[in-house]
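Coordinate inspection notes
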Amino acid sequence: MIKIDKKKDGKFAFKLKSTNGKTLFKSVSFSSKEDLDKTLNDFKDLKDTRTNFFERKTNTEGKFLVELKNQNGMTIGSSGLYTSEAGMENGILNISNSLELGLQ
């Protein structure tokens with residue numbers, strides 16, 4: 001499920017939630033609702049290659065996270081932290097599946 005929020009500064013962001021309500025992913029802020037909608041539509045159009053938009057990272061504490069990139073390579077948001085690489089890979093599957101469900 002995709003939850004869109006309007007922030008106090010007038011910008012927009014979205015959260016991707018699992019079916020049990022857990023936040024899987026938080027986006028960066030978008031200057032307008034149209035920019036946010038365009039980004040989501042870009043993913044909808046490219047759903048078959050979505051895994052190419054995930055960049056796997058490790059933070060300075062050795063925790064794993066995933067950043068999601070748009071088709072221009074710009075970061076549009078990131079996952080929470082994972083304690084293992086396997087957990088991160090499972091997170092990518094959950095994010096991808098939830099994103100696909102949310103965009104239908």
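This text goes with the structure placed above it.
Computed from a predicted structure; not experimentally measured.

Some thoughts on the nonpolar core
The biggest cluster of nonpolar side chains holds 20 residues, and the ones touching the most others in it are F14, F25, L68 and I76. Elements represented by at least two residues in this core include exactly β2 (12-17), β3 (23-27), α1 (33-45), β5 (64-69) and α2 (85-102). Per element, the largest residue contribution to this core is four residues, and it comes from α2. In contact with L68, other than residues within four places in its own chain, are F25, F43, F53, F54, M74, T75, I76, G77 and L99.

With respect to the environment of S18
Assignment of secondary structure puts S18 in the loop between β2 and β3. Once the C-alpha coordinates of S18 and L101 are considered, the two residues, 83 residues apart in sequence, prove to be 9.8 Å apart. Excluding residues within four positions of it along the chain, S18 makes contact with L24 and S98.

Some points on the pattern of salt bridges
Tallying each qualifying case throughout the model produces seven salt bridges. Of the charged contacts in the structure, one is a salt bridge between K57 and E55, with a shortest N-O distance of 3.6 Å. Across the pair R56 and E89 runs a salt bridge whose closest N-O atoms are separated by 2.6 Å. In this pair, R56 is assigned in strand β4 (residues 54-58) and E89 in helix α2, connecting sequence segments 33 residues apart. Since its relative accessible area comes to 41%, R56 is described here as partly exposed. One connected set of salt bridges, linked through shared partners, spans E55, K57, E67 and K69.

Some thoughts on the packing of aromatic side chains
Scanning the entire structure with this criterion turns up two aromatic pairs. Judged by centre distance (5.7 Å) and plane angle (35°), the rings of F14 and F25 are tilted. Placement of F14 in strand β2 and of F25 in strand β3 is noted, with a sequence separation of 11 residues between them. The exposure classification of F14 matches that of F25, with both residues buried. Judged by centre distance (6.4 Å) and plane angle (20°), the ring pair of F14 and F30 falls under stacked. Taken together, the residues span a long stretch of sequence, with F14 in strand β2 and F30 in the loop between β3 and α1 at a distance of 16 residues. Taken as a pair, F14 and F30 share a single burial class, namely buried. Within the aromatic cluster, the residues linked to one another by ring pairs are F14, F25 and F30.

So, how was this worked out
- Residues numbered from 1 in each chain as written.
- Predicted model: local features only at pLDDT ≥ 70, side-chain atom pairs only at ≥ 80, totals over all residues.
- Heavy atoms only, no water.
- Core = buried A, V, L, I, M, F, W, Y, C linked by side-chain atoms within 4.5 Å.
- Buried < 20%, exposed > 50% of the residue type's maximum accessible area, 1.4 Å probe, protein only.
- Helix = DSSP H or I, 4+ residues; strand = E, 2+ residues; numbered from the N terminus.
- Contact = heavy atoms within 4.5 Å.
- Salt bridge = Lys/Arg side-chain N within 4 Å of Asp/Glu carboxyl O.
- Phe/Tyr/Trp six-rings, centres within 6.5 Å; stacked < 30°, edge-to-face > 60°.

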